Amino acid sequence: MSGSRFAGRVEVVARAFAVRRRVRLRPRAPQRILIAHHLLLGDTLMLTPLLAKLRAQHPHADVAMTVPRPFAPLYATRPYGVRVLPFDPRASLRTLFDEDPFDLALVPGDNRYAWLAAAMRARHIVAFAGESLRKNWPVDEFVPYGDAPAAWGDLVAHLADGPAPRAYRTSDWASPPCHPFERPLARYVVLHVGASSPLKQWLPQRWSALAETLASRGVTPVWSAGPGEEALIAAVDRERRYHAYAGTLDLAQLWHLLKQADLLVAPDTGIAHLGRVVGVPSVALFGPGSATLCGAGDFWREARYRAVTVEPFPCRDQTILFRRNLDWVRRCGRSVDACPAHRCMPAIDVARVVAAIDSLFTQERIA
């Protein structure tokens, strides 16, 4: 079966009932471990603390993780020894089903992927508590989210037993190979203007002002955006003064663009998380999102990173995380229709961003 999510779900559920052999106690020394999900880029990268913890606790285990196909090239060098399994819910799942059984499966985020883990013959499935009975049926062990504010990546690491992993080092994740592309010749900073929602986009005139400020300091701004976001760059640089990568780079190429940059400035989006993984000094702009939940947290505590946000913000008042209510969460997941005149991103002025940049660098580095 292929071609639709519904057909894929039917196949997964039917196979889960047919092939699964449950083990109610968590194995102490699992040899094959699965992380089952289909998350967005930023959420996928925030699973890195879990990868680090699993490798530290199970140095010889085969750790496999499902990822959306476009993300797989980022993991070509197998950080923490993880083996990625490209996953498209609309395509054939035969390759996943051909995997040998897993001793242990961990399900971050949406518990619907516990069914996928069951269909892949995972014997013991661990997931976060608080989802619906329909999604929870294959789960053998529930882990509560923490009661204290924390970064989501640190929370996800609680799915695995043992102490917290050591802080991230850029040497933990070697750069993936990529196809050649035209790179800037001079010192440059990457200004990524795209975001998953218009509510996360910064005002065009502020991007323009930031670019001029950085150019006056002797570094060249370079624009970045995803496929279909060319109009965003046209709005921030009407005179086309600076080079733009508007949907022209795949993720592996973008990794290398960031690797050689002096700085990344981006909204709270997957590219901001990629910047922390790559190790480029990064400034992330938070409007509707939570700078606590999606920030560096404990695992990336040594990263050269700053979050820019206005706290508290009155309408950043939702407490839902992956359909679970957590009292300490303060975020906004409203749609454009529900919030047609958002104020959170416009509340961030250029001076706040420049101050964050200055706090990252010595006067000699970017001045």
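Residues numbered from 1 in each chain as written. Predicted model: local features only at pLDDT ≥ 70, side-chain atom pairs only at ≥ 80, totals over all residues. Heavy atoms only, no water.

**Student:** Hey, could you run me through the sheet that holds strand E10 (residues 263–267) in this one?
**Tutor:** Where strands meet in a sheet, backbone hydrogen bonds hold them as pairs that are either parallel or antiparallel. One open sheet accounts for six strands, arranged E9-E8-E7-E10-E11-E12; its pairing is parallel. The sheet is open, and its two edges are formed by strand E9 (244–246) and strand E12 (305–308), each paired on a single side. Across the sheet, the axes of successive neighbouring strands diverge by a mean angle of 15 degrees, strand direction being ignored. Across the sheet, helix H11 (residues 270–278) is in contact with strand E7 (188–192), E10, strand E11 (282–285) and E12; its angle to E10 comes to roughly 150 degrees. (Pairing = 2+ DSSP bridges. Helix = DSSP H or I, 4+ residues; strand = E, 2+ residues; numbered from the N terminus. Axes fitted to C-alpha atoms, helices over the stretch in contact; angles between N-to-C directions. Contact = heavy atoms within 4.5 Å.)

**Student:** Can you help me understand the environment of Thr-319 in this one?
**Tutor:** Structurally, Thr-319 is set in the loop between E12 and strand E13 (320–321). Residues within four places of Thr-319 in sequence aside, it is in contact with Arg-324, Asn-325, Leu-326, Asp-327, Val-329 and Arg-330. A polar contact of 2.4 Å, which involves the side chain of Thr-319, links it to the side chain of Asn-325. (Polar contact = N/O pair within 3.5 Å; in protein donor to acceptor, adjacent residues only side chain to side chain.)

**Student:** Explain the sheet that holds strand E1 (residues 32–35) to me, please; I cannot follow it from the model alone.
**Tutor:** Sheet architecture is open: six strands sit in the order E3-E2-E1-E4-E5-E6, paired in parallel fashion. Taken across any chain shown, the strands that pair with only one partner, and hence form the sheet edges, are strand E3 (83–87) and strand E6 (141–143). Shown here is a sheet whose adjacent strand axes are inclined to one another by a mean of 20 degrees, direction ignored. Two strands pair when backbone bridges link them, and E1 and strand E4 (residues 104–107) are joined in this way by three bridges, in the parallel orientation. Within E4, the residue paired with Ile-35 across the bridge is Leu-106. Seen against the sheet, helix H3 (residues 48–57) touches E1, strand E2 (62–68) and E4 and runs at an angle of roughly 170 degrees to E1.

**Student:** Explain the nonpolar core to me, please; I cannot follow it from the model alone.
**Tutor:** For soluble globular proteins, nonpolar side chains are generally found buried alongside one another. If you look at the biggest cluster of nonpolar residues, it comprises 68 residues, and the most contacted ones within it are Tyr-75, Trp-152 and Leu-258. For Tyr-75, the residues in contact, after removing those within four places along its chain, are Thr-44, Leu-45, Leu-51, Met-65, Val-82, Val-84 and Trp-173. If you look at the next biggest cluster of nonpolar residues, it comprises 32 residues, including Trp-223, Val-283, Phe-313 and Ile-348. (Core = buried A, V, L, I, M, F, W, Y, C linked by side-chain atoms within 4.5 Å. Buried < 20%, exposed > 50% of the residue type's maximum accessible area, 1.4 Å probe, protein only.)

**Student:** Can you walk me through the pairing of E7 in this structure?
**Tutor:** Moving residue by residue along a regular strand, the side chains alternate between the two faces of the sheet. Within E7, five of the five residues are buried, which leaves the element mostly enclosed by the surrounding structure. Along E7, one buried face is formed by Tyr-188, Val-190 and His-192 and the opposite face, lined by Val-189 and Leu-191, is buried too. Here five bridges tie E7 to strand E8 (residues 220–225), and the two strands are oriented parallel to one another. What sits directly across from His-192, in E8, is Ser-224. Between the parallel pair E7 and E8, the chain is carried across by helix H8 (residues 204–216), and the sense of this crossover is right-handed. Summarising the sheet, E7 and E10 pair through three bridges and their orientation is parallel. Opposite Val-189, over in E10, you have Leu-263 as the bridge partner. (Right-handed = clockwise from strand over helix to strand, strands pointing away.)

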